[in-house]
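# Descriptive analysis of the structure
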2 protein chains.
Amino acid sequence: MRTKKLALLGFGNAGQAFSEMLLKKQDDIREKYGYEIIVTAIATNTKGNLIGEDGIDLREVINDVEEYGKFCNKEQLTEMTTIEIAEAADYDVLIEMTPLNIFTGQPAIDHIEAAFKRSKDVITANKGPIAWKFKALEQMAADNGCKFYYETTVMDGTPVFNLAEKTLQLAEVTEVKGILNSTTNFILEELAAGSDYDDIIERGRQMGFVEADPSMDIEGYDAAAKITALLNVLMDADITPDMVDRKGIEDITIEDIKAAENRGNVIKLLCKGARDHDGKIIASVRPEEVPKSDMLASIDSTTSIVSITTDLMKTVSIVEHQPEIEQTAYGVFGDLLRVLSE
Amino acid sequence: MRTKKLALLGFGNAGQAFSEMLLKKQDDIREKYGYEIIVTAIATNTKGNLIGEDGIDLREVINDVEEYGKFCNKEQLTEMTTIEIAEAADYDVLIEMTPLNIFTGQPAIDHIEAAFKRSKDVITANKGPIAWKFKALEQMAADNGCKFYYETTVMDGTPVFNLAEKTLQLAEVTEVKGILNSTTNFILEELAAGSDYDDIIERGRQMGFVEADPSMDIEGYDAAAKITALLNVLMDADITPDMVDRKGIEDITIEDIKAAENRGNVIKLLCKGARDHDGKIIASVRPEEVPKSDMLASIDSTTSIVSITTDLMKTVSIVEHQPEIEQTAYGVFGDLLRVLSE
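Residues numbered from 1 in each chain as written. Chains lettered and ligands numbered in written order. Predicted model: local features only at pLDDT ≥ 70, side-chain atom pairs only at ≥ 80, totals over all residues. Heavy atoms only, no water.

### Details of the pattern of salt bridges
If the charged atoms of two oppositely charged side chains come close together, the side chains can form a pair. Residue and element names in this part refer to chain B. Per the counting criterion, the structure on display carries 40 salt bridges over all chains. Between D236 and K135 there is a salt bridge, and its shortest N-O distance comes to 3.0 Å. Placement of the pair is D236 in the loop between α11 (221-234) and β9 (245-246) and K135 in helix α6 (residues 128-143), with a sequence separation of 101 residues. Relative accessible area serves as the criterion here: at 46%, D236 is assigned to the partly exposed category. Residue class for K135 comes out partly exposed when judged on its relative accessible area of 36%. Note that D251 and K247 form a salt bridge whose closest N and O atoms lie 3.0 Å from each other. D251 gets classed as exposed once you look at its relative accessible area, which sits at 51%. (Salt bridge = Lys/Arg side-chain N within 4 Å of Asp/Glu carboxyl O. Helix = DSSP H or I, 4+ residues; strand = E, 2+ residues; numbered from the N terminus. Buried < 20%, exposed > 50% of the residue type's maximum accessible area, 1.4 Å probe, protein only.)

### Digging into the relation of the copies chain B and chain A
Taken as rigid bodies, chain B and chain A are interconverted by a rotation of 180° and an axial shift of 0.0 Å, the fit giving an RMSD of 0.0 Å. Both chain copies can therefore be described as sitting about a two-fold axis. Within chain B, I318(B) has its C-alpha nearest the rotation axis, a separation of 2.3 Å. In this assembly, 100% of the residues forming the interface of chain B have copies in chain A that are likewise at the interface, indicating an isologous arrangement. (Least-squares fit on C-alpha atoms with pLDDT ≥ 70 in both. Contact = heavy atoms within 4.5 Å.)

### Considerations on the packing of helix α8 (residues 182-192) of chain A against helix α9 (residues 197-207) of chain A
Residues and elements named next belong to chain A. Direction vectors running N to C along α8 and α9 enclose 135°, while the axes themselves pass 10 Å from each other. It follows from the interaxial angle that α8 and α9 lie oblique. Relative to α9, α8 is oriented so that their crossing is right-handed. Residue-level contacts link F186, I187, E190 and L191 of α8 to Y197, I200, I201, R203, G204 and M207 of α9. Taken together, the residues that form the contact of α8 with α9 break down as seven nonpolar, one polar and two charged. (Axes fitted to C-alpha atoms, helices over the stretch in contact; angles between N-to-C directions. Parallel < 35°, antiparallel > 145°, perpendicular 65-115°, else oblique. Left-handed = near helix turned anticlockwise from the far one by under 90°. Nonpolar A, V, L, I, M, F, W, Y, C, P; charged D, E, K, R; others polar.)

### Some words on helix α11 (residues 221-234) of chain A
All names here are of chain A. The first and last C-alpha atoms of α11 sit 20 Å apart over 14 residues, in line with the 20 Å expected at 1.5 Å per residue. Burial runs high along α11: 12 of the 14 residues are buried. Turning to α11, its buried residues are D222, A223, A224, A225, K226, I227, T228, A229, L230, L231, N232 and L234. The first or second residue beyond α11 is D236, which carries a positive phi of 50°. (Expected span 1.5 Å × (residues − 1).)

### Quick notes on the pairing of strand β8 (residues 173-179) of chain A
Residues and elements named next belong to chain A. Inspection of the sheet shows β8 paired to strand β12 (residues 304-310) by six bridges, in the antiparallel sense. Bridging from a neighbouring strand, E175 pairs with T309 of β12. Bridge analysis of β8 against strand β10 (residues 265-275) gives four bridges, and the strand direction is antiparallel. Each bridged residue has a counterpart across the sheet, and for V176 the counterpart in β10 is G273. (Pairing = 2+ DSSP bridges.)

### Notes on the interface of chain B and chain A
In this complex, chain B contributes 44 residues to the contact, which on the side of chain A involves 44 residues. Buried surface at the junction of chain B and chain A, summed over both partners, amounts to about 3600 Å²; 63% is from carbon and sulfur atoms. Per-residue buried area on chain B facing chain A is highest for L170(B), L312(B) and Y330(B); these three make up 20% of the total on that side. Put simply, chain B and chain A have four salt bridges between them. For the pair chain B and chain A, the interface holds 20 residue pairs in polar contact (both at pLDDT 80 or more). If you list the elements that add at least two residues to the side of chain B that touches chain A, you get α1 (13-24), α2 (26-33), α7 (161-167), β13 (314-320) and α13 (325-341) of chain B. Sheet analysis places strand β13 (residues 314-320) of chain A next to β13(B), joined by five bridges and oriented antiparallel. What sits directly across from I318(A), in β13(B), is I318(B). (Buried area = accessible area lost by both parts, 1.4 Å probe. Polar contact = N/O pair within 3.5 Å; in protein donor to acceptor, adjacent residues only side chain to side chain.)

### Concerning unusual backbone geometry
Residue and element names in this part refer to chain A. Residue P107 is reached from Q106 by a cis peptide bond, and omega for that bond is 0°. Take P107: it is sitting in the loop between β5 (93-96) and α5 (108-117). The phi dihedral of S119 falls on the positive side, at around 60°, and the residue is not glycine. Relative to the helices and strands, S119 is located in the loop between α5 and β6 (121-124). Overall, the relative accessible area of 43% leaves S119 in the partly exposed class.

### Overview of a negative patch on the surface
On the surface, D196(A), D198(A), D199(A) and E202(A) cluster together into a patch of negative charge. Tracing the chain through its elements places D199(A) in helix α9. (Patch = residues over 30% accessible without salt bridge, like charges linked within 9 Å, V, L, I, M, F, W, Y side chains within 5 Å. Areas by Shrake-Rupley, 256 points an atom, 1.4 Å probe, with all protein chains shown as cover. Lys, Arg positive; Asp, Glu negative; His and termini not counted. Charge placed at Lys NZ, Arg CZ, Asp CG, Glu CD.)

### Digging into the sheet that holds strand β3 (residues 49-51) of chain B
Residues and elements named next belong to chain B. Read across the sheet, seven strands follow the order β4-β3-β2-β1-β5-β6-β7 without closing on themselves; strand pairing throughout is mixed. Both outer strands of the open sheet, β4 (77-78) and β7 (148-149), are each paired with one neighbouring strand and no more. Relative to strand β5 (residues 93-96), strand β1 (residues 2-9) runs parallel, the two being bridged by four bridges. Each bridged residue has a counterpart across the sheet, and for L6 the counterpart in β5 is V93. Contacts between α1 and the sheet are confined to β1, β2 (35-43) and β5, with β1 contributing the most and set at about 165° to the helix.

Note that all results are geometric; they support no functional claim without further evidence.
See below:
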């Protein structure tokens, strides 16, 4: 049995759900892919870092985090920092799940580059690197013979990038459109239903998909990073999020929503990208009115949609319905299966 | 340059559109896949049959069909029948696009079996074989080392089968749901808008997606064949269309539609399949009310949707928007690219 060693950078909800999936599906991986997966390093900001060259016991680690909020295995705890782990730990695949800095893509970019320098494969659930430095990272992966997968970065494990790469061969993407930010989608919907803004934020936090500081979502930064990632990968755009014509929902009032409703419309935060006449990619994030009968109007709460238009297949849309943390984990898991099978 | 020889069985709108796509993309195929594609046989019911071991001139053939409604190249016209071509012509890939017999899957099944017996690869745009004999054909393909692709059979070139096979690895499909028949979708929508039934049928015929005899659509036979094909492939169902609990829209009255509307609903012909408690696949096609705010209600005219629920990724939906004949052709074309690249 071949082994594949993973270094997990980040062990928040998604990292823990991914670890649960690895435990649950380890027999299938052995049987269908012929690999024994072992995790040899885990790095976090607040729980400590672990190195275990013969494998870290994921069940124990998950239990320790649940019970004590940190790692407790003294023999495996290390003083190595996250970047040192990326640079020096013994692993085959780096799994980048550290917190996102939406304005720089760092430190995730440094972690990924450190892995590529050592000819290690990389899976990232962090969209920062795909939004800020995709083309250079893709080139670096190619130069070093590394696999580089990032399905989770937009719409979790829903196959968006793989859909285009694996199934729409020779079809050239001409336009991408979507509703990609759950927080704003939820807020707009609840405002339309008559809820108070502060109540909505509070409920969203309790439900786990509104951040402590929701401004990254409300002002459209998260959506801009996502449409940038999509355009970089699907249309070879080579843009960064600051190049997106971005407007969030911060100025949308209940009066705007009612006026839209009187016209038979709803307001949605739409992400769009296409080429202009000169072949330049134009990307935007902005609240727009869509007719209630339109599919976009039916995208409610945490559901999201991407519509991909190509020269050969016209428009195909893919929808992720009400994802939970397991769907994020599945994105990373699916990428790992790709690493194992290619 | 390697060559790949195709036998086209059927040369209706889809066959002609596929041939146009081959002509348009031949440079890309040479460059990116390293193959020269030549068509060595074309079989039809009404236009004659052609054999050309050094290649048939597709541009000439398309022109002849447009101008004369039949093939005219006397040197290549043959007395061989369609099945004889499948059994004896010189080709590498059989492309099955003959007219569908929705009650038997024949004669397409015979054509495909003839190809597999000779260890030839098969691409079918005809859903009959997938609905009536998928498991046996799949086994026969495996036994003879043949590729067997059928993306076009449901939702044209929209990646439904490839989505599940190529991107949702290790995820087990637990439920499939969809709106898969354009004719009934269009009729229900137009009835709701106040149109007269006969007018609707007439307009649908002019627009090209209502058959001369629309009963196969209206009574749900087409939808039953499609959900059967989906379940056979995605859930290993091993069922045939006659096992689907089928009810068409033939009894839906304008009063039913209005009553639904008063409840805030619309009537859609829904296809569904899932396992019951004993693990048996239960499949149905029936008109059902769905809330106007539901995504299913937004699937209008020739747009269609499939929602695939899995253990690991919950529900993912894929939508094909207003396809034309080129999207059917692209399904076959995409399958051909798969044959070339695997």
